[in-house]
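Coordinates in review
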Amino acid sequence: MKKINLYLMSLCLLLGIGVKAQTTILSENFSSASGTTPPTGWVQNFISGSTSNTWFFNNPGGRTLTSPISSPAAVFDSDYLGYYAYFHNVALESPSMNTTGKTVVRLKFDHYFYRTYNSFDSVAVEVYNGSTWNYVWSSRSTSTISGNIDLDISAHAANKSSTKVRFRFVGDYSWYWI
């Protein structure tokens, strides 16, 4: 993402009422990240599995980044971690954001998910509403998927004093998500 590039994920959280009144509350290009250290405020979350399963910001597997994704980007590279890295259930979480007074909240990002045949491999975007994580987008596609995603996440993120977004990868030796 470049506006949040998750393994090339582009995350840009926009607030506003209607199309005319938009205010960007978070835009991340990962230029301040390095190795496995995310930008300030972002957190690597090991939900289950090995704590060596990490998001990368330096593309150690040498994956081809195709437009609109460019370096630097956030990448979870299961293939790079190897067969013995075991099951992955990890997330990259945004800093907390205050959306108080906003009735419409949109999340936009670019992504590329290259996966294997495992039926349980998936990628997801979740929103924290102050007390629970809620799925707002996911894919278990049996083929490569990529593109621009534009989600209305108002139901979970509008008018909250502390909301977050996370990008979650679940799988086992399952290639990569940018």
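One can find the structure itself at the top, above this paragraph.
Residues numbered from 1 in each chain as written. Predicted model: local features only at pLDDT ≥ 70, side-chain atom pairs only at ≥ 80, totals over all residues. Heavy atoms only, no water.

Counting its secondary structure elements, the protein contains two helices and 11 strands. Mapped in sequence order, the helices and strands of the protein form the string β-β-β-β-α-β-β-β-β-β-α-β-β. Long-range pairs, those at least 24 residues apart, make up 73% of the contacts in the protein with a sequence separation of at least 6. (Helix = DSSP H or I, 4+ residues; strand = E, 2+ residues; numbered from the N terminus. Contact = heavy atoms within 4.5 Å.)

Turning our eyes to something else, we now look at the packing of aromatic side chains. Evaluated as defined, the whole model comprises 16 aromatic pairs. Arranged with centres 5.7 Å apart and planes meeting at 65°, the rings of Trp55 and Phe76 form a pair that is edge-to-face. In this pair, Trp55 is assigned in the loop between β3 (43–49) and β4 (76–77) and Phe76 in strand β4, connecting sequence segments 21 residues apart. (Phe/Tyr/Trp six-rings, centres within 6.5 Å; stacked < 30°, edge-to-face > 60°.)

To continue, consider the side chain of His111. Topologically, His111 is positioned in strand β6 (residues 105–114). Within polar-contact distance, the side chain of His111 engages the side chain of Trp177 at 3.1 Å. (Polar contact = N/O pair within 3.5 Å; in protein donor to acceptor, adjacent residues only side chain to side chain.)

So, on to the pattern of salt bridges. Considering all chains together, one arrives at eight salt bridges under this definition. Across the pair Arg166 and Glu93 runs a salt bridge, and its minimum N-O distance is 3.4 Å. Of this pair, Arg166 sits in strand β10 (residues 164–171) while Glu93 is found in strand β5 (residues 88–93), placing the two residues 73 residues apart along the sequence. Assessed through its relative accessible area of 7%, Arg166 is described here as buried. (Salt bridge = Lys/Arg side-chain N within 4 Å of Asp/Glu carboxyl O. Buried < 20%, exposed > 50% of the residue type's maximum accessible area, 1.4 Å probe, protein only.)

The next point concerns the nonpolar core. In terms of nonpolar packing, the biggest core is built from 29 residues, with Trp55, Trp137 and Trp177 touching the most fellow members. Broken down by secondary-structure element, the contributors of at least two residues to this core are β5, β6, β7 (122–128), β9 (145–152) and β10. Ranked by size, the runner-up nonpolar core spans five residues in total, among them Ile69, Ala73, Tyr176 and Ile178. (Core = buried A, V, L, I, M, F, W, Y, C linked by side-chain atoms within 4.5 Å.)

Once that is clear, we can look at the pairing of β10. In terms of burial, β10 is largely enclosed, as seven of its eight residues are buried. Bridge analysis of β5 against β10 gives six bridges, and the strand direction is antiparallel. Bridging from a neighbouring strand, Val90 pairs with Phe169 of β10. (Pairing = 2+ DSSP bridges.)

Before going further, it helps to examine the sheet that holds β7. Pairing is antiparallel in the open sheet, where five strands are placed in the order β3-β5-β10-β7-β8. Each edge of the sheet is formed by a strand with only one pairing partner; in this case those strands are β3 and β8 (133–139). Taking each pair of neighbouring strands and ignoring which way they run, the sheet shows an average axis angle of 20°. Both β7 and β10 contribute to a ladder of seven bridges, which runs antiparallel. By the bridge assignment for β10, Tyr128 is matched with Lys164. (Axes fitted to C-alpha atoms, helices over the stretch in contact; angles between N-to-C directions.)

Within the element layout of this structure, Ser122 appears in strand β7. If near-sequence neighbours (up to four positions away) are discounted, Ser122 is found in contact with Phe113, Ser139, Arg140, Arg168, Phe169 and Val170.

Another aspect to go through is the environment of Arg63. Examined against the element boundaries, Arg63 turns out to sit in the loop between β3 and β4. Between the alpha carbons of Arg63 and Asp77 there is a distance of 8.9 Å; along the sequence they are 14 residues apart.

Now for unusual backbone geometry. In this structure, the amide linkage connecting Ser67 to the following residue, Pro68, adopts the cis form with an omega of 15°. For Pro68, the location among the structural elements is in the loop between β3 and β4. With an omega of 0°, the peptide bond between Ser71 and Pro72 qualifies as cis. At Phe30, a residue that is not glycine, the phi angle is positive and equals roughly 65°.

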